[in-house]
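Residue-level structure breakdown
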Amino acid sequence: MHELPVTQGILSAALETARRHRAERITDIFLVIGNLSSIVDDSVQFYFDILSRETIAAGATLHFQREKAIARCLTCKHEFEAQPPLSPQCPQCKNLTVRVSGGQKFFIESIEVEP
Amino acid sequence: MTQLPVVKHILAANESLAEENRALLRRHGIFGLNIMASPGAGKTSLILATADRLPAGLRPGVIEGDLASSIDADKIAAKGIPVIQINTGGNCHLDAPMVGNALKHLPLAEIDLLFIENVGNLVCPANFALGSDMNVVVAGVPEGHDKPYKYPGMFAAAGAVVLNKADMIDVFEFDADYFRRGLEMVNPTANLFVLSCKTGTGVPEWVQWLTAQRG
């Protein structure tokens, strides 16, 4: 359900940008999505293919650049990529002092158009 | 081929309407809370328990979000609290336009503290700004102590986390330290309140803190 309004947001921002530049066709859309933002790539592309029919973005490819979540240990300062399932235990010093940040980005970076 | 920059939040339309809601609440001096939790964690119970203990002069109002029914709104209205029920149909979260419409039907001049009870769901609501001043995530002991690990996005977005049904901690062998560590991992600045809406334990501390946040 959640991917539908997300996809509508992507499509309307892309169309608006293309319109402002008088582009005739959108071929690619570049997105930056955090790994912890619970957005499923395939699901968004699926909705996009349906919503974009009859628009100048029909057939466009969505590119998902995934933003990593970073884990840092407060004790030994070890830094690594946080991947679900998350754990507060540091793989290096074994203390339960890991803090996770980032991985929440959620924006459209650019589109590629044919003039 | 030409590359055009967009650099825009994917839910930009929602974000800008959330800003309008925020401005409206500010004009009326209302402190808004977005209450999120899974179904059955105790969102409505927390609102009722909090409203019961608010200091004189701090008047509550409620927006209730549910897929269907007015069960929760009826409970709130029975207490004489202004309430608007939003039925989202199939939508799994509230969004800024829905809240904006509900605000038109509330007596804003008679409200100081607005509880916006989101649809029971630990995933989507975290992504949709409503224009509130703070996110409050309610977790219920029977749901298990692993929720911050499984739904990091929701807990990372919280200003305060309320662990409800604390009277059931022993029954469900709930590991409160494990829960707390999970919360600290994704959100070290969130304030955690362990309470029971049923027995009232911990509720006064929560209300006192909440009242101070409003300033």
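All values reported here derive from a predicted model rather than from experimental measurement. (Residues numbered from 1 in each chain as written. Chains lettered and ligands numbered in written order. Predicted model: local features only at pLDDT ≥ 70, side-chain atom pairs only at ≥ 80, totals over all residues.)

1. Side note on the sheet that holds strand β8 (residues 191–194) of chain B
All names here are of chain B. One open sheet holds the seven strands; their spatial order is β4-β3-β5-β2-β6-β7-β8, and the pairing between them is parallel. In this open sheet, the two edge strands, each paired with only one partner strand, are β4 (83–87) and β8. Across the sheet, the axes of successive neighbouring strands diverge by a mean angle of 20°, strand direction being ignored. Of the strand pairs in this sheet, strand β2 (residues 31–37) and strand β6 (residues 134–140) are connected by five bridges, and their pairing is parallel. Looking at the pairing, Asn34 lines up with Asn135 of β6. Strand contacts of helix α4 (residues 96–103): β3 (60–66), β4 and β5 (113–117), with the helix running at about 145° to β4, the strand carrying the most contacts. (Pairing = 2+ DSSP bridges. Helix = DSSP H or I, 4+ residues; strand = E, 2+ residues; numbered from the N terminus. Axes fitted to C-alpha atoms, helices over the stretch in contact; angles between N-to-C directions. Contact = placed C-beta atoms within 7 Å.)

2. Some points on the nonpolar core
Counting 99 residues, the largest nonpolar core has Ile10 and Ala14 of chain A together with Ile35 and Val137 of chain B as the members making the most contacts within it. For this core, the element with the highest residue contribution is helix α1 (residues 3–20) of chain A, accounting for six residues. Discounting residues that sit within four places of it in the chain, Ala14 of chain A has contacts with Ile26, Ile29, Ala57, Ile108 and Ile111 of chain A together with Val6 of chain B. (Core = buried A, V, L, I, M, F, W, Y, C linked by C-beta atoms within 7 Å. Buried ≥ 20, exposed ≤ 12 C-beta atoms within 10 Å, placed from the backbone.)

3. As for the interface of chain B and chain A
Between chain B and chain A, the contact holds 29 residues from the first and 32 residues from the second. Elements that contribute at least two residues to the side of chain B that touches chain A include exactly β1 (2–9), α1 (12–27), α6 (152–156) and α7 (176–186) of chain B. Of all the elements, β1 of chain B adds the most residues to the side of chain B that touches chain A, at eight residues. Taken together, the residues that form the side of chain B that touches chain A break down as 18 nonpolar, nine polar and two charged. (Nonpolar A, V, L, I, M, F, W, Y, C, P; charged D, E, K, R; others polar.)

4. Quick word on the packing of helix α2 (residues 43–53) of chain B against helix α8 (residues 203–214) of chain B
Residues and elements named next belong to chain B. Where α2 contacts α8, the two axes come as close as 10 Å, and the packing angle between them is 75°. Looking at the two axes, α2 sits roughly perpendicular to α8. Counted together, Ala49, Thr50 and Arg53 of α2 and Val203, Pro204, Val207 and Leu210 of α8 form the full contact between these two elements. For the contact of α2 with α8, the class distribution of residues is five nonpolar, one polar and one charged. (Parallel < 35°, antiparallel > 145°, perpendicular 65-115°, else oblique.)

5. Notes on the pairing of β8 of chain B
Residues and elements named next belong to chain B. Sheet topology places strand β7 (residues 160–164) next to β8; four bridges connect them, and they run parallel. Looking across to β8, one finds that Val161 is bridged to Leu192. For the handedness criterion, the β-α-β arrangement of β7, α7 and β8 is classed as right-handed. (Right-handed = clockwise from strand over helix to strand, strands pointing away.)

6. Quick look at the confidence of the model for chain B
On average, residues of chain B score 96 in pLDDT, and 100% of them are at 70 or above. The complex prediction reports pTM at 0.94, with the ipTM value standing at 0.87. (pLDDT = per-residue confidence, 0-100.)

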